[in-house]
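Here is what each chain is made of, one letter per residue.
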Amino acid sequence: MSTRKDNKVTKDSVWLLRLMKANLFVVFLLLPLLAKTQVIVGKITDEKTGEPLPFANVFINNTTLGSTTDINGDFKISGSLPQNPEVVASFVGYTTKYRKISFGNRIQIVVNFQLASKESQLDEVMLKARRDKRWERNLKKFKRVFLAVPNDPFFKMNEILNPWVIDFEEGKTRGSKYLLASASEPLKVSNLGLGYNLDYHLREFIQTRDGFQYFGLVNFHEIDSVSTEKKKSWEDQRNSTYFGSLRHFLHSFLHNEADRQGYRLYLVDSFPPKTRTNVFHEELGNSIKKLPFDSLKIDTLPNGNFGLYWPDRVEIHFRKKAWANDYYTRVYYPLSWITSPTCYFEFDANGIPTDPRQIIFSGFMGRHRVGRFLPHDFVPTKDQLTLFSEIDSALLGQTRWNSLREKPYLTFNKSYYTPGETAWFNARMIYQNQFLVDSMSRVLYVDLINEKKELVIQETFEIREGMSKGQLQLGPDLKAGNYTVRAYTNWMRYYPESDYFYKPLPLISADREVISSTGVIPSDQEGEEISIALKTDFTHEELFNKANINISVLDIDSSFVDSDFSISLIDADLAKFIGEENTIETEINWIGSELGDYEFPEEKYDIEYGISVEGIFSDREGKPLSVPLTVVLGQMEDFGVIKSDTSGYFWGTGLLFTDSAEVAIAALNQRKKSFGNISLIEPLRPEVLVNLPKLQFETRPKSTIGKLDIFDGKYVELEEFLFEGEKKQTMEEKNYGYGEGDRSIGPDFLEKFPEQTLDVIVGMNMQGGGLGNFNWGLDAGEPLLIIDGVRYFSDSRESTMSVLKTYIAAEVESIEVYTFNAAQFGMAGFAGVIMVNTKKGSKDPQGSNQVFNSEEFQIFKIRGFTPVVEFTVQKAESEIPESRPSLYWNPNVKTDRDNETFTFSVNLPKSTQNMILRIEGMSGDGLPFYRIFQIPVN
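Definitions and cut-offs
- Residues numbered from 1 in each chain as written.
- Predicted model: local features only at pLDDT ≥ 70, side-chain atom pairs only at ≥ 80, totals over all residues.
- Heavy atoms only, no water.
- Helix = DSSP H or I, 4+ residues; strand = E, 2+ residues; numbered from the N terminus.
- Contact = heavy atoms within 4.5 Å.
- Expected span 1.5 Å × (residues − 1).
- Buried < 20%, exposed > 50% of the residue type's maximum accessible area, 1.4 Å probe, protein only.
- Polar contact = N/O pair within 3.5 Å; in protein donor to acceptor, adjacent residues only side chain to side chain.
- Pairing = 2+ DSSP bridges.
- Axes fitted to C-alpha atoms, helices over the stretch in contact; angles between N-to-C directions.
- Patch = residues over 30% accessible without salt bridge, like charges linked within 9 Å, V, L, I, M, F, W, Y side chains within 5 Å.
- Areas by Shrake-Rupley, 256 points an atom, 1.4 Å probe, with all protein chains shown as cover.
- Salt bridge = Lys/Arg side-chain N within 4 Å of Asp/Glu carboxyl O.
- Lys, Arg positive; Asp, Glu negative; His and termini not counted.
- Charge placed at Lys NZ, Arg CZ, Asp CG, Glu CD.
- Phe/Tyr/Trp six-rings, centres within 6.5 Å; stacked < 30°, edge-to-face > 60°.
- Lys NZ or Arg CZ within 6 Å of the ring centre and 35° of its normal.
- Core = buried A, V, L, I, M, F, W, Y, C linked by side-chain atoms within 4.5 Å.

By the naming in an unreviewed UniProt entry, the protein chain is TonB-dependent receptor, taken from Aquiflexum gelatinilyticum.

What exactly am I supposed to notice about the overall build of the protein chain here?
Looking only at helices and strands, one finds 14 helices and 53 strands in the protein chain. Across the protein chain, the fraction of contacts at a sequence separation of at least 24, relative to all contacts at a separation of at least 6, is 72%.

Quick question: what am I supposed to make of helix H4 (residues 228–242) here?
Residue pairs spaced three or four apart in an α-helix point in one direction, given the helix's 3.6 residues per turn. Here H4 is 15 residues long and its end C-alpha atoms lie 21 Å apart, about the 21 Å a rise of 1.5 Å per residue gives. All of the buried residues along H4 are Trp234, Asp236, Arg238, Asn239, Ser240, Thr241 and Tyr242. Two to three positions downstream of the cap, the backbone nitrogen of Glu229 sits 3.4 Å from a side-chain oxygen, assigning the N-cap of H4 to Ser227. Count one or two residues on from H4 and you reach Gly244, which has phi positive near 95°.

Looking at this model, I keep getting lost on the sheet that holds strand E21 (residues 344–347). Mind explaining?
To summarise the sheet geometry, strands pair through backbone hydrogen bonds and adopt either a parallel or an antiparallel arrangement. Spatial ordering of the open sheet is given by E17-E18-E21, a layout of 3 strands whose pairing is antiparallel. What marks the edges here is a single partner per strand, and that holds for strand E17 (298–300) and E21. Taking each pair of neighbouring strands and ignoring which way they run, the sheet shows an average axis angle of 25°. Examined bridge by bridge, strand E18 (residues 306–309) and E21 share 4 bridges and lie antiparallel to one another. Looking at the pairing, Leu308 lines up with Phe345 of E21.

Where do I start with a negative patch on the surface in this structure?
The grouping of Asp562, Asp896, Asp898, Glu900 and Asp925 at the surface amounts to a negative patch. With respect to the helices and strands, the residue Asp562 is situated in the loop between strand E32 (545–555) and strand E33 (563–571). By relative accessible area, which is 41% here, Asp562 ends up partly exposed.

Quick question: what am I supposed to make of the packing of aromatic side chains here?
Aromatic rings considered in pairs are described by the distance between their centres and by the relative angle of their planes. Evaluation of the coordinates by the stated rule reveals 43 aromatic pairs. On the numbers, 4.9 Å between centres and 90° between planes, the contact of Phe146 with Tyr200 is edge-to-face. Here Phe146, found in helix H3 (residues 133–146), pairs with Tyr200, found in strand E13 (residues 196–208); they are 54 residues apart in sequence, far enough to count as distant. Per residue, the accessibility class of Phe146 equals that of Tyr200, and both read buried. Between Tyr327 and Tyr328, the aromatic rings sit 4.9 Å apart at their centres with planes inclined by 80°, giving edge-to-face as the arrangement. Among the aromatic side chains, those forming a connected cluster through ring pairs are Phe249, Phe253, Tyr263, Phe293, Phe306, Trp310, Phe318, Phe345 and Phe347. Above the plane of the ring of Tyr196 lies Arg238, whose end atom (NZ or CZ) is 4.1 Å from the centre. One cation-aromatic arrangement involves Arg357 over Phe215; the distance from NZ or CZ to the ring centre is 4.9 Å.

How should the nonpolar core be read in this particular structure?
Generally speaking, nonpolar side chains in soluble globular proteins are found buried as a group. Grouped together as the largest cluster of nonpolar side chains are 51 residues, with contacts concentrated most on Phe142, Phe146, Ile166, Leu187, Trp310 and Ile316. With residues near it in sequence (within four places) discarded, Ile316 still touches Phe249, Tyr263, Arg264, Leu265, Trp310, Pro334, Leu335, Ser336, Ile338 and Met365. Core analysis: the second largest hydrophobic core is formed by 40 residues, Met429, Leu448, Tyr495 and Leu505 among them.

For this particular structure, what's the right way to read the pairing of strand E47 (residues 833–838)?
If a strand is regular, its side chains alternate between the two faces of the sheet. Across the 6 residues of E47, 6 count as buried, placing the element largely inside the fold. Side chains of E47 alternate between two faces, with Val833, Met835 and Asn837 and Ile834, Val836 and Thr838 buried alike. For strand E44 (residues 784–787) and E47, the ladder comprises 4 bridges, and the chain directions are parallel. Residue Leu785 lies in a different strand from E47, and its bridge partner there is Ile834. Where strand E46 (residues 812–818) and E47 come together, 6 bridges link them in antiparallel fashion. What sits directly across from Ser814, in E47, is Asn837.

Can you walk me through the sheet that holds strand E29 (residues 501–504) in this structure?
Ordered in space as E26-E25-E28-E29, the 4 strands form an open sheet in which the pairing is antiparallel. Both outer strands of the open sheet, strand E26 (455–462) and E29, are each paired with one neighbouring strand and no more. Going from strand to strand, the sheet's axes swing by 15° on average, the running direction of each strand aside. Here 7 bridges tie strand E25 (residues 443–449) to E26, and the two strands are oriented antiparallel to one another. The residue of E26 that forms the bridge with Val443 is Glu462.

Help me out: how do you make sense of the pairing of strand E5 (residues 86–90) in this one?
Where burial is concerned, most of E5 is hidden: 5 out of the 5 residues are buried. Here 4 bridges tie strand E2 (residues 57–60) to E5, and the two strands are oriented antiparallel to one another. Bridging across to E5, Val58 finds its partner in Ala89. The sheet contact formed by E5 and strand E6 (residues 97–100) spans 4 bridges and is antiparallel. What sits directly across from Val88, in E6, is Tyr98. Where E5 folds back onto E6 in an antiparallel hairpin, the turn is made up of 6 residues, including Gly93, whose phi is positive at roughly 85°.

When you look at the pattern of salt bridges in this model, what are you seeing that I'm missing?
Where charged atoms from two side chains of opposite charge approach closely, those side chains can pair. Applying the stated criterion to the full structure yields 26 salt bridges. Its salt-bridge partner being Arg918, residue Glu580 comes within 3.4 Å of it at the nearest N-O pair. In this pair, Glu580 sits in the loop between E33 and helix H9 (584–587) while Arg918 sits in strand E52 (residues 914–923), placing the two residues 338 residues apart along the sequence. The exposure class of Glu580 is buried, given its relative accessible area of 17%. Taking relative accessible area as the criterion, Arg918 reaches 3% and is therefore assigned buried. Here Glu882 makes a salt bridge to Arg884, at a shortest N to O gap of 3.6 Å. Taking relative accessible area as the criterion, Arg884 reaches 2% and is therefore assigned buried. Via salt bridges that share partners, Asp447, Arg486 and Arg685 belong to a single interconnected network.

Honestly, the environment of Gly363 in this entry has me stumped. Any pointers?
By the secondary structure assignment, Gly363 is in strand E22 (residues 360–363). We classify Gly363 as partly exposed; its relative accessible area is 31%. It is 9.4 Å that separates the C-alpha atoms of Gly363 and Tyr327, two residues lying 36 residues apart in sequence.

What should I look at first to understand unusual backbone geometry in this one?
Glycine aside, residues mostly have negative phi, and peptide bonds are mostly found in the trans state. Residues other than glycine seldom take positive phi values, yet Asn62 does so here, at roughly 65°. Here Asn62 lies in the loop between E2 and strand E3 (66–68). The backbone of Lys672 shows a phi angle near 65°, a positive value even though the residue is not glycine. Within the element layout of this structure, Lys672 appears in the loop between strand E38 (660–668) and strand E39 (674–675). Here Lys672 falls in the partly exposed class, since its relative accessible area comes to 48%.

Hey, could you run me through the environment of Glu811 in this one?
Along the polypeptide, Glu811 turns up in the loop between helix H14 (800–804) and E46. Linking Glu811 and Gly841, residues 30 residues apart in sequence, is a C-alpha distance of 9.6 Å. Ignoring sequence-local partners within four residues, the contact set of Glu811 consists of Thr806, Thr838 and Lys839.

Before we go on, may I ask you to explain H3 in this structure?
For H3, built from 14 residues, the straight-helix expectation of 20 Å at 1.5 Å per residue is met to within 8% by its first-to-last C-alpha distance of 20 Å. Where H3 is concerned, the buried positions are Trp135, Arg137, Asn138, Leu139, Lys141, Phe142, Val145 and Phe146. Summarising the contacts, the buried residues of H3 are in contact with strand E9 (158–160), strand E10 (166–173), strand E11 (176–183), strand E12 (187–191), E13 and strand E14 (211–222).

Looking at this structure, how should I read the side chain of Asn84?
Tracing the backbone through its elements, the reader meets Asn84 in the loop between strand E4 (74–79) and E5. Among the polar contacts made by the side chain of Asn84, one reaches the side chain of Ser102 at a distance of 3.0 Å. Filtering out sequence-adjacent residues up to four positions away, Asn84 remains in contact with Lys100, Ile101, Ser102, Asn303 and Asn305.

Is there a simple way to think about the environment of Tyr263 in this case?
Locating Tyr263 in the fold gives a position in strand E15 (residues 263–268). The class of Tyr263 is buried, set by a relative accessible area of 0%. Distance in space between the C-alpha atoms of Tyr263 and His317 is 5.6 Å, their sequence separation being 54 residues. Those residues in contact with Tyr263 that lie beyond four places of it in its chain are Gly244, Ser245, His248, Phe249, Ser252, Ala258, Phe293, Ile316, His317 and Phe318.

This is the structure:
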């Protein structure tokens, strides 16, 4: 009995201690505000006449504390006020003024203001009338900086109620453009995310290509809500916003609570000894080093504030809040970076910097704009994030899955076609998390669907570095009508069908032409962040006109930028661009979209790294078995081992080939004899469940102006001259062309552990001791092992690690481990690759002279990637070019520092009088652009 009683007392004591700590923390927060009641009194008058200004606003900057003047212009603010407040006075039609004061040991301070009348004041109607398209563009830029980052849920919950009071000024200094903003009246901001209305007196706003800075005087007003649920929601959001903020960090640090509150500091090395990775444990000791809290020096200043001496650049981890970040893999809490240009800044007892311009912060803390501002007199009602962690953690699983979403966007060389033509396209993958591009799909499915939702064309293309290209050969037997292109990946079938790419692709009869009611509207590039510099010239030959076109991509400072884009040049008299409302500029807005309450399907759809094989294995009696299966492509161009599960089902991916190829599959016993039976499952494309989009347009009988010879679809396969060497290259020949792996283990490390076996050496260099290709839960099988350039062929009784156990570090020169980029090794590298270079050469040259014997295998004919074809540009000097709608098409143009301008030329028939050029792509910084140009043939 006494033991149970003692245990109960112990538990109660622990509970009481935790409660005392929680209350103690809240008391610490309240101490600076629980001073004696303080009073600020004063009078506001007109600067010229001396007349009092009744009903003027007076407030403590960045707080909810304030008052209005009476009929005599007098005001009074009392309560627990900050020790060094900024008092602000404002009145409609007058210039706002503020004064910084200090109470010291005083209880009351007198502050008088003389406000100057504004000489000219435009009314709301006149202000609105002056706002043009350029102003609208600048307003969008302003909101993205001022209110919240666009992917912050609070962005849509904040609104500037009087945007017409904002003026913008654009200029250029020292070769760099800038955007300035000013406001003739306080900005009225409604923040429905935190439950505040703000009067923001904008004093300064500047944005350049290097960053932004803004400053203002803010008066907070709590929004009245009759809903208890809404009040509770705002309280939770305010607390959640406070924890992890700069203010929370500085307050916790000041009171020696930073460690308990979940903060960790790391000093950033701007020039790390090794190339940076996105694995935190790999970077600890490389690009970042742990920074103890007690190494930071802090001074107490005479005015009651504090001065902090800050190192160059510090990385801050807040481990008590769940948050998805893309800087480190498998790190799910907020990361921030703080730099102080002077290596010193001041803050008050509440953790509030006295001059925010002394600090430059980015990452999680850098997301906090006006939409995340809390008044300085806000006091959190929670000690820890226990409640909010549960809320955020519930969303974190959804956030993780959301970050794995991908979506293709296709650009076609034309908007419509005739039967018999070839439709060329460029495909760009858009990712919710760009840092995961190496781990996402490498297979793109493209279908052409008729009005009955039947698949009339089905093609498959390889995705390389987030890009793909190809064509749809529109057979002459296709009937004119409304068709739709659909593009998706196998992994996307796990997500809503709304993520699929759908685009109408109508086919019209060869004897008809499209009537355009509006015509093409050339792009207005004024004020755009990305612009296209276009230069054209023409030479007139006897048989044709030659067009020479130069294209450069420029930023807002008119500087060349890295970019990749597609080019389509059409004859304006033979074709038109219609239905171009959805472009890369609109589709990129998909990034940041949420899944909501989406329910994932029960079926499993995996990420594909190449052509996949799927089937069922059973013994001779038809009983399914779980066994390793050897898969061989052609004459050993690629091979791998995959496993069937207890139901006999197997799936493997990573085969790379075009057209079709023979794939051999077998389950082999210890005597290398096959057993059982393999049945492949034919891959089925998903049904069309959505309503298909349609283009609205009219046609008429074709004009006789000019001669239109429909391009008959003749083309040259790119593989015949671009990739011929690559196709013939075997895996053995490619081993030494991959460069360094994701992990390089060299002599310096190996010499430290000469007697250690290689399985341990590899484990010591991998996070958690494991090797993987981030295949999101797939049974990846064994890593590929290459020893001195020779692939090691293991049997079912061996594992890669068991083979590595037969080597010690003293025998080895170096080890390369491939994870993220292992897919370049094909299916064999699906689970990762370990390449060992020994000091004496191959320990066992098995495999070097082996010849594949397919007698024990079942052979299957499998369809691979669709061969990519090249658009034929008319450049022959001795031929009359044919008249055709599509004059030039290039799906993958790149510009960079070494190639700032892209130039191409094309021979035009004499009948071509006007051309339309469309350029669509992305800058190296991820800014989308879509531009249309009309080019007369002079």
